[in-house]
Amino acid sequence: MEKHWWQEVVVYQIYPRSFRDSNGDGIGDIAGMTEKLDYLKKLGIGAIWLSPVYQSPNDDNGYDIADYEAILDEFGTMEEMERFIAEADQRNIKVVMDLVVNHTSDEHAWFVEAKKGKDNPYRDYYVWADPAADGGVPNGLGSAFSGPAWEWDAASGQYYLHLFSKKQPDLNWQNPKMRQEIYAMMNRWIAKGIGGFRMDVIDLIGKIPEKGITGNGPQLHELLQEMQQATFGDHDLLTVGETWGATPEIAKLYSAPERNELSMVFQFEHIGLDQKSDGEKWDLQPMKVAELKRILAKWQTELGHDGWNSLFWNNHDLPRMLSRWGNDQEYRSESAKMLAILLHMMKGTPYIYQGEEIGMTNTPITSIAEARDIETLNMYNARLAKGYSEADILASINAKGRDNARRPMQWDASSHGGFTTGTPWIAVNKNYPDINAEAALADPDSIFYTYQKLIRLRKENPIIIWGDFELVDTVDEVISYYREYEGERWLVVANFSDAAQPFSVEDEIVEVIIQNDEDEITGLQDLQLKPWQAFVVKVKA
Ligand code: NOJ
């Protein structure tokens, strides 16, 4: 397999609204991101996935784009964006832009035109349908943000499709003219020197709404191959698709090199483990480590040499993993480091979500007035109307709500965690006096330095990038695997629980690579792992 830079780096996701506010308006901005590039350089990352910074009415915090080639005023200017890309480049950091092309904002010029009438040349850029025989919605498709996916347009007597909010009308990927405009836009971004694209809900662009098909439509891969040829095909860019419905088989269709589609996809199989199988993400059930282990190992082995994995615990849509499956109280440091070691030693490109590297936690709310996210607010109203109790709904929000990840980055112990000198658009977590980047940098034993070391190890040891993966048979709560490359063998051991756990293998230790505990590891036979203990050792091959 040809080797690429995007296999060797660690990617850091910035959610710009909540990263760093440089001008005191309570909203993060591009100048704030530029200010923090040295911090990211110190961490060691090689690329940034930047959530949307484009002009947007912010119905879905920028995932509703009104102009792909203008920067949101609150974030800054195109000159500042270009400077950010150049400054990142000087630090050997590439900027991967968020490409949101399943839908636009209803305030995008194309949709404004499309709404003018059935004859408008832009009408067919979007998905329109006549009412059903009874005058109601064309079919039963639902929006990911509650309610039907169809919105009535009285002026033309048709419905338009929105798989997300009604301010996010779906683009019609059957329209070749629309596709060419998207490709031209992508090429203009590529010309600015970006490092690639993270492709928002890209598995939906092959939709056939009249048949009720949304994800994995029949022409999806053809469309991606067309896009690849028209845009990034000649450049070695990182392209990562957000694909909620991917299985390993499907992931190979996207990422097998000879298919010329994407570098890799985000798959979410492990992310659904605390969701009832017959419910929505809000319907909770306990996560079983044995299942997590089975799924992680399945992706590691099945993608093998025919595709490439992305590795992540967190992003701006997910609650923070440290609070979710780790222990953000008495074992905050141990469990955060365990999660880091377990993930970064697997095969694939690791992603860090802002604040993960300092062990930021979820932020429970006691009233819906504290929520900001459209998905959360819509679900709250929909479930109240269905008769759910307020307490139940808040419990779901605290476990799964997206605002958990969107609280301001905690930089220091000054007011609002040093995120802003003004009033933040969403309140900072009250634990910022203890959990913040400045404190982490001052403590050689902090979570930050575990991440830094993992990234450095990746640069120094090809086994982490290229080595084969083999799962070790253990008790349910322990996840352990070997990596093997050119005669070298490493063993990764992680206790994914609050309790001590037994562990034993016959191997002999050659060298301890990294651990989240001070006690010396002298052998691998008949161990009692401490709660959340994790280590990596080189063993005799
Ligand atoms: C996935 C994005 O990550 C999420 O934040 C957004 O709401 C939806 N796609 C719609 O764009």
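Going by what an unreviewed UniProt entry lists, the protein is known as Glycosyl hydrolase family 13 catalytic domain-containing protein and is assigned to Trichococcus pasteurii. Regarding the protein, the UniProt comment filed under Sequence similarities (unreviewed entry) reads as follows: "Belongs to the glycosyl hydrolase 13 family."

What describes a pair of aromatic rings is the distance from one ring centre to the other and the angle between the planes of the rings. Per the stated rule, a full pass over the model turns up 27 aromatic pairs. Relative to Trp-466, the ring of Trp-308 lies with its centre 5.8 Å away and its plane at 50°, an arrangement referred to as tilted. Placement of Trp-308 in the loop between helix 9 (289-303) and strand 12 (310-311) and of Trp-466 in helix 17 (residues 462-466) is noted, with a sequence separation of 158 residues between them. Take Trp-466: its relative accessible area is 12%, and that puts it in the buried class. Among the aromatic residues, ring-to-ring pairing joins Tyr-12, Phe-19, Tyr-39, Trp-411, Phe-448 and Tyr-449 into one connected group. Taking NZ or CZ as reference, Arg-17 lies 5.3 Å from the ring centre of Trp-425, over its face.

By the element assignment, Phe-145 lies in the loop between strand 6 (128-129) and strand 7 (150-153). With a relative accessible area of 3%, Phe-145 lands in the buried category.

Moving on, we come to the pairing of strand 1 (residues 11-14). Because side chains alternate across strand 1, one face comprises the buried residues Val-11 and Gln-13, and the other comprises Tyr-12 and Ile-14, equally buried. Sheet analysis places strand 1 next to strand 13 (residues 349-353), joined by three bridges and oriented parallel. Paired with Tyr-12 across the two strands is Ile-352, which belongs to strand 13. Direction of pairing for strand 1 relative to strand 2 (residues 47-50): parallel, over a ladder of four bridges. If you follow Tyr-12 over to strand 2, its bridge partner there is Ile-48.

Now for the packing of helix 7 (residues 220-230) against helix 8 (residues 248-255). Close contact between helix 7 and helix 8 brings their axes to 10 Å; oriented N to C, the two are set at 25°. By the angle between their directions, the pair helix 7 and helix 8 is classed as roughly parallel. Of the two elements, helix 7 crosses helix 8, and the hand of that crossing is right-handed. Residues Leu-220, His-221 and Leu-224 of helix 7 form the contact with helix 8, whose own contacting residues are Ile-250, Leu-253 and Tyr-254. In terms of residue class, the contact of helix 7 with helix 8 is made up of five nonpolar, one polar and no charged.

Attention now goes to helix 11 (residues 332-344). The terminal C-alpha atoms of helix 11, which comprises 13 residues, lie 18 Å apart, in line with the 18 Å expected from a rise of 1.5 Å per residue. Of all 13 residues in helix 11, ten are buried; the element is thus mostly enclosed. Along helix 11, the residues that are buried comprise Ser-335, Ala-336, Lys-337, Met-338, Leu-339, Ala-340, Ile-341, Leu-342, Leu-343 and His-344.

Under the UniProt annotation, "domain: Glycosyl hydrolase family 13 catalytic" (unreviewed entry) lies at residues 13-406. Each end of residues 13-406 is marked by a C-alpha atom, and these two atoms are 12 Å apart; helix forms 32% of the span and strand 12%.

Our focus in this paragraph is the site of the ligand. Asp-60, Asp-200, His-316, Asp-317 and Arg-402 are the nearest of the 14 residues found near the ligand. Asp-60 is positioned such that a nitrogen or oxygen atom in its side chain is 2.5 Å from an oxygen atom of the ligand. Between the ligand and Arg-402 there is a distance of 2.9 Å, counted from an oxygen atom to a side-chain nitrogen or oxygen. Calculation on the ligand without its partners gives an accessible area of 290 Å², and the protein chains cover 98% of this total.

To continue, consider the sheet that holds strand 9 (residues 196-199). If you walk across this open sheet you meet the eight strands as 11-10-9-5-2-1-13-12, and the pairing is parallel. In this open sheet, the two strands that pair with only one neighbour each are strand 11 (264-266) and strand 12. Where strand 10 (residues 238-242) lies against strand 11, three bridges are found, and the strand directions are parallel. Residue pairing for strand 11: Val-240 is matched across the bridge by Met-264. In the packing of helix 6 (residues 176-191) onto the sheet, the strands contacted are strand 5 (94-99) and strand 9, and the crossing angle to strand 9 comes to about 135°.

A few words on unusual backbone geometry. Residues other than glycine seldom take positive phi values, yet Ser-146 does so here, at roughly 75°. On the secondary structure map, Ser-146 appears in the loop between strand 6 and strand 7. In this structure Ser-146 comes out as partly exposed when scored by relative accessible area, which is 30%. Not every positive phi belongs to a glycine, and Asn-216 is a case in point at roughly 55°. With respect to the helices, strands and loops of the structure, Asn-216 is situated in the loop between strand 9 and helix 7.

Below, the discussion takes up the packing of helix 6 against helix 7. Contact geometry of helix 6 with helix 7 gives a least axis separation of 10 Å together with a crossing angle of 45°. As the angle between them shows, helix 6 and helix 7 are arranged oblique. Relative to helix 7, the crossing made by helix 6 is right-handed. Of helix 7, the residues touching helix 6 (which contributes Arg-179, Tyr-183, Met-186 and Asn-187) are Leu-223, Glu-226, Met-227 and Ala-230. Here the contact of helix 6 with helix 7 is composed, by residue class, of five nonpolar, one polar and two charged.

Let's shift gears to the sheet that holds strand 6. Strand order in this open sheet of three strands is 6-8-7, and the pairing throughout is antiparallel. At either end of the open sheet lies a strand with only one pairing partner, and these are strand 6 and strand 7. Two strands pair when backbone bridges link them, and strand 7 and strand 8 (residues 158-161) are joined in this way by four bridges, in the antiparallel orientation. The residue of strand 8 that forms the bridge with Trp-150 is Leu-161.

It is worth spelling out the side chain of Ser-18 at this point. For Ser-18, the position within the fold is in the loop between strand 1 and helix 2 (30-35). Contacts of Ser-18, omitting those with residues within four sequence positions, involve Gln-354, Arg-406, Arg-407, Pro-408, Met-409, Phe-419 and Trp-425.

Pairing of side chains with opposite charge becomes possible as their charged atoms draw close. Under the counting rule described, the total for this entry stands at 37 salt bridges. We note a salt bridge from Glu-82 to Lys-192, for which the minimum N-O separation is 2.7 Å. Taken together, the residues span a long stretch of sequence, with Glu-82 in helix 4 (residues 78-90) and Lys-192 in the loop between helix 6 and strand 9 at a distance of 110 residues. Assessed through its relative accessible area of 35%, Glu-82 is described here as partly exposed. A salt bridge links Arg-406 to Asp-373; the shortest N-O distance between them is 3.6 Å. Separated by 33 residues along the polypeptide, Arg-406 in helix 14 (residues 403-406) and Asp-373 in the loop between strand 13 and helix 12 (374-385) bring together distant segments of the chain. An identical accessibility class is assigned to Arg-406 and Asp-373; each is buried. Salt bridges sharing common partners tie together Asp-60, Lys-281, Asp-317, Asp-373, Glu-375, Arg-402 and Arg-406.

Rules used throughout
Residues numbered from 1 in each chain as written. Predicted model: local features only at pLDDT ≥ 70, side-chain atom pairs only at ≥ 80, totals over all residues. Heavy atoms only, no water. UniProt positions renumbered as here; feature names shortened; annotations may be inferred. Phe/Tyr/Trp six-rings, centres within 6.5 Å; stacked < 30°, edge-to-face > 60°. Helix = DSSP H or I, 4+ residues; strand = E, 2+ residues; numbered from the N terminus. Buried < 20%, exposed > 50% of the residue type's maximum accessible area, 1.4 Å probe, protein only. Lys NZ or Arg CZ within 6 Å of the ring centre and 35° of its normal. Pairing = 2+ DSSP bridges. Axes fitted to C-alpha atoms, helices over the stretch in contact; angles between N-to-C directions. Parallel < 35°, antiparallel > 145°, perpendicular 65-115°, else oblique. Left-handed = near helix turned anticlockwise from the far one by under 90°. Contact = heavy atoms within 4.5 Å. Nonpolar A, V, L, I, M, F, W, Y, C, P; charged D, E, K, R; others polar. Expected span 1.5 Å × (residues − 1). Near = heavy atom within 4 Å. Polar contact = N/O pair within 3.5 Å; in protein donor to acceptor, adjacent residues only side chain to side chain. Areas by Shrake-Rupley, 256 points an atom, 1.4 Å probe, with all protein chains shown as cover. Salt bridge = Lys/Arg side-chain N within 4 Å of Asp/Glu carboxyl O.

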